[in-house]
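Inside the fold
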Amino acid sequence: MKGIIFNIQRFAVHDGPGIRTLVFLKGCPLHCHWCCNPEGQKSEIELSYVINHCRLCGRCEAVCDQGAINIIEKRVLIRRDLCDLCGNCVENCLSGALKIVGKQVDVETVLDEVKRDEPFYRYSGGGLTVSGGEPTLQNNFLVELLKGAHQEGFNTAIETSGFCKWENIESILNIVDHFLFDVKHVSDEKHKMFTGVSNKIVLENLLRLIHKGVNVIVRVPLIPSFNCDEDDLRKIMSFLSEFLKKGSQIHLLPYHRFGLPKYDHIGDDNKMVLFEKINKSHIERATQIVNEFNFIANVGGS
Amino acid sequence: MSTVLEEQEVIPGEERWVKLKARLLAAKPELESERARIITQSYKETEGEPYVIRRAKALRALLEQMTVLIGEDELIVANRSKKPRAVPVFPEMSYDWIEKELDSFETRPVDPFITPESVKHELREIFPYWKGKTVYDKIVSQFTPFHWHLLGSNVLWIDNNMYNGMGHILPDFPKIIKQGFKGIRDEILNKLEYLLINEPKNRAKIDFYNAALIVIEAAVSFSKRYSKEARRLVSITSDEVRKDELELIAQICEWVPENPARTFHEACQSYWIAHSICFIESDGMSISPGRFDQYMYPFYEKDIREGKLSKKRAIELLECLWIKFSELVEMFQEEWAYTASGFPMGQNLILGGQTPDGSDATNELSYLCLEVTERLSLPQPNVSVRLHRWSPKEFVFRACETSRHGNGMPEFFNDEIIIPGLMNRGIPLQDARDYAVVGCVEIGIPGRTEANSNPAYVNLAKILELATNNGVCRLTGEKVGIDTGDPRHFETFEEVTEAYCKQQEYFVRQLIPLCNLMERVHTEFVPTPFLSTMISDCIEKGLDVLDGGARFNFTSPQGVGIANVADSLSAIKKMVFEDQKVSMDCLLQALDENFLGHEDLQYMLKNCPKYGNDEDYVDQIARNVGRWYCLEIEKYRNPRGGIFQPGLYPVSVNVPLGKTVGATPDGRKAKIPLADGVSPSHESEKRGPTAVFKSVAKLDHILVTNGTLLNMKFHPRALDGRNGLLKFAALINTYFGLGGLHVQFNVISAETLREAQIHPELYRSLVVRVAGYSAFFTELYRELQEDIISRTEHGEV
Ligand code: SF4
Ligand code: SF4
């Protein structure tokens, strides 16, 4: 069983219990304006260019048969319409400025990498977290991966936007220990405007999931001018309070701009929409609101 | 006699430690001449007498004449110098460099010292007497041109033993505290009596015992001088509370260290007097308190139980003591100062672990010591913890919490590796379980081991350079090693490693007699009768600790640059022999030209498998490099009847040693710092801390009985909150479960360190982990600051 992943990150400490390995599956149906992993959005592999690592040696230009690479004004310009992603340039870029984002891999290969930190899981209660993109988009691969990890005795978690068919979620119910489930907004209109999709399925899935009695942690990205004002947050919390148990953890993920350069790296035309920077008072207020509804706010995840 | 002081209400911010710490931070390191003057006078008076007697009399003169000083608010007293953070001069060890640098101490870029004109003047008068008499002079007078040639090779780096006393030891402080010097005096008198009847001609032993008696008397009267001084202050102090405190100090110093301590306060004072005198007798560094929580606990427990001591007062006493540790600073000549920047004193205080019978040793005092360490956040004492399989979770968490606090303490040590390691060196199980740490990471059995823990560094990266250049230094073109063949003709990777091992064998073989020569000079000219009263079995054998009096004897040189060697060998193996992407000839040319015009090749080398990423390909090589070093070192014997044993830690010598090494096949340019300890090279770790831990744990730590050192740096965000703490503990537990020996952390963001560089005045009290020790960040020289900042930081985002 093969899937496309774009990163494996060991020592992840904010996405589920213990010390974990994060596997990022490529492809996402949403286009959140604040997305910090734009390289996870497209399902296909992409060529990425990091100018800071480029030493302008010209090796890439020389080996590209498609003539897709030109060095102009001290940077490499990629004609993505000409590029067939053959990878020649990447192989010849010694400084690592050019990279192919996304790799077709089979489940065993990923599991082998995940197993490497097994001793750390054992001591910390950690394991595998599958993230993305939207991991359910590659559902068969996801199922196999989680099954494999569970068989190894690893704790499993998935980070999901919740935007998928219920069947997809159902198929992993028994092999996921923690669902980290994004709730971005309760207003469908705003949700559509900022993520490109309706929140109807998302919220429906969330409710069904909660009814199943599985372990769900709701994550709310705090995005100024999207969902950060009191009214928006209260609405989200009041919605949740009808279904979620008191004392449930809510992860608040403050907006950041660390993903900004990545848009440039993959030459994505939808540039990141820059929101106002988040400040301490935003976070404090949000924490307060979460607590008002008798949930436990956890800033940054854990 | 009142042994308890009334509890005083304390206004927050005006606690005793706050005032003491403020005074400490305000004190700039300063050079002083008092000790030099007194000892010179004494030496002049004792010419012709046996050295051990001369040493004893010199120490007596010092203890009788040195300024005694009781600082405001102090509860624990005794000083090594006239002022806190002042440095006495030990002209009997070496002085040439001091003389040479007298005018530049104040302005040098690394570890500057205030040097008053009057001190300069006095020292210049004193020094001529010592010409030809110092340890340094005695050593170099035996040097042949070959020795100089050898040291010029930059493979062997010798500082400590050549210029300073040996230090690096764990005296039997509990014995002094429990028996008092009175008990030891009786022991010696017994031995002496027997000797005078049965072996009256055994001059050497008789001299040793007489010397020991002299220093014991001197130590007792030194303490009594403090008692007197306290009484004097009582008579001129108007503050009633302080009067009581001074009166108590007077009573305590009258009683200990001569007699067995009866209270926790007495035990602390008795300890501190004995500790200070060790540092007055010799300028050897890293004389370490060892298992403080173990030997102090009975006093603490008894006082608490009997209602004589409140927990609050106990903490206050610990705080007073902790301040005293940081008052001691060490001065090195400019060149050496780069190897151990930040005035480290290496007073390692270790907590927890196991008792000799194998049960858990953690007690309430272990926790209090951590609490005080965290609150005071000072570079000394160098606090460590021992962890074993069943260490209480709570203790592990508490230690992690302290470490997360950011000043790099405590260091963590793994019983499960160290104890079998010691047993592999022939140390019985019960003793092995009682180990403690000297200085940075060196291991010893308190009161029983003389391990000469820091006689030399072996520059492994330089050895690799010579192996790939047929014995010729890449920077100077001089032949400093032996012929191991032109690498251009090597047909297999094994030939490269063979050449490496041969060069290593050659240099280690040259190092042994050099170390032994230096040791013999110490034995003969600067014996340490005072220290010897606190090491078993010196009194039993009638032998100074430097002469083989200790029960366990080692000499312990360090290997530096293991990551660079492993990465280089991995690159050669892959690029030249397996993938054949480059010929040896091209590779060597690129190295000769420091990669100028060979940038492509440099990148390819950098892209080869690197130690620190959990890749067996190179980790296996690293393991071999470590093992080769260990097995080579442990072949040899020292003059004290022990063997040589290896360490893999750098203090901060990885920076200056790097300066002597040309470009290396791992893609490192000439003169760049080497990797520190067993840590991976900077920038080469790409898979995060778990991968680093796994790589490093693949080394054969059990063989490295003088310690391995792993530095890890975390961004505070990665480990915050309760969950962060659990993960922190899990990291350490896993690393230790995998077989690691030691780890220490800097939990501080690069941004904070940059801030501190820009505004040093705002960060005077910022303490960071350097190597096996912590130091005030703003007092480090620039390059070392950069080195620390560039250590890979985990979990930034
Ligand atoms: S090969 Fe790499 S470093 Fe060289 S110009 Fe192309 S992108 Fe830049
Ligand atoms: S991937 Fe292939 S086609 Fe695309 S730019 Fe690189 S060399 Fe050219």
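Residues numbered from 1 in each chain as written. Chains lettered and ligands numbered in written order. Predicted model: local features only at pLDDT ≥ 70, side-chain atom pairs only at ≥ 80, totals over all residues. Heavy atoms only, no water.

Tallying secondary structure elements over chain A gives 11 helices and 13 strands in all. Seen through its principal axes, chain A has C-alpha atoms that stretch 60 × 45 × 35 Å. For chain A, with 302 residues in total, the buried portion stands at 55%. The long-range fraction of contacts in chain A, counting pairs at least 24 apart against all pairs at least 6 apart in sequence, stands at 69%. (Helix = DSSP H or I, 4+ residues; strand = E, 2+ residues; numbered from the N terminus. Buried < 20%, exposed > 50% of the residue type's maximum accessible area, 1.4 Å probe, protein only. Contact = heavy atoms within 4.5 Å.)

Here we come to the site of ligand 2. In the region of ligand 2, the neighbouring residues are L47, C64, Q66, A68, I69, C83, D84, L85, C86, G87, N88 and C89 of chain A. Of the residues that constitute the shell around ligand 2, the class distribution is eight nonpolar, three polar and one charged. (Near = heavy atom within 4 Å. Nonpolar A, V, L, I, M, F, W, Y, C, P; charged D, E, K, R; others polar.)

Turning our attention to the domain arrangement of chain A. All names here are of chain A. Segmentation of chain A into domains returns domain 1 (2–43 + 102–299) and domain 2 (46–100). Just the C-alpha atoms count here: the centres of domain 1 and domain 2 sit 32 Å apart. If you look at the interface, domain 1 gives eight residues, while domain 2 gives eight residues. Of the roughly 710 Å² buried between domain 1 and domain 2 on both sides combined, carbon and sulfur atoms contribute 38%. At the surface where domain 1 touches domain 2, the tally comes to three salt bridges. Residue D264 is joined to R75 by a salt bridge in which the shortest nitrogen-to-oxygen separation is 3.9 Å. Classifying every residue of the side of domain 1 that touches domain 2 by side-chain character gives one nonpolar, three polar and four charged. (Domains from an automatic or database assignment. Buried area = accessible area lost by both parts, 1.4 Å probe. Salt bridge = Lys/Arg side-chain N within 4 Å of Asp/Glu carboxyl O.)

Bringing the interface of chain B and chain A into the picture now. Each partner contributes to the interface: chain B provides 26 residues, whereas chain A provides 23 residues. For the pair chain B and chain A, the summed buried area comes to about 2100 Å², and 61% of that belongs to carbon and sulfur atoms. The interface formed by chain B and chain A includes four salt bridges. Among the ionic pairs, D600 of chain B bridges to R55 of chain A, the shortest N-O distance being 2.6 Å. Run the count over chain B and chain A and you get eight residue pairs in polar contact (both at pLDDT 80 or more). Counting residues per element, the side of chain B that touches chain A draws most heavily on helix α30 (residues 721–738) of chain B, at eight residues. Grouping the constituent residues of the side of chain B that touches chain A by class yields 11 nonpolar, seven polar and eight charged. (Polar contact = N/O pair within 3.5 Å; in protein donor to acceptor, adjacent residues only side chain to side chain.)

The amide bond that connects V256 of chain B to the next residue, P257 of chain B, takes the cis arrangement and shows omega of 5 degrees. Mapped onto the elements of the fold, P257 of chain B is located in the loop between α11 (240–255) and α12 (264–281). The phi torsion at L56 of chain A lies on the positive side, around 55 degrees, for a residue other than glycine. We note that K74 of chain A has phi near 60 degrees; this positive angle belongs to a residue other than glycine. Residue placement: K74 of chain A occurs in the loop between β4 (69–72) and β5 (75–78). Take K74 of chain A: its relative accessible area is 68%, and that puts it in the exposed class.

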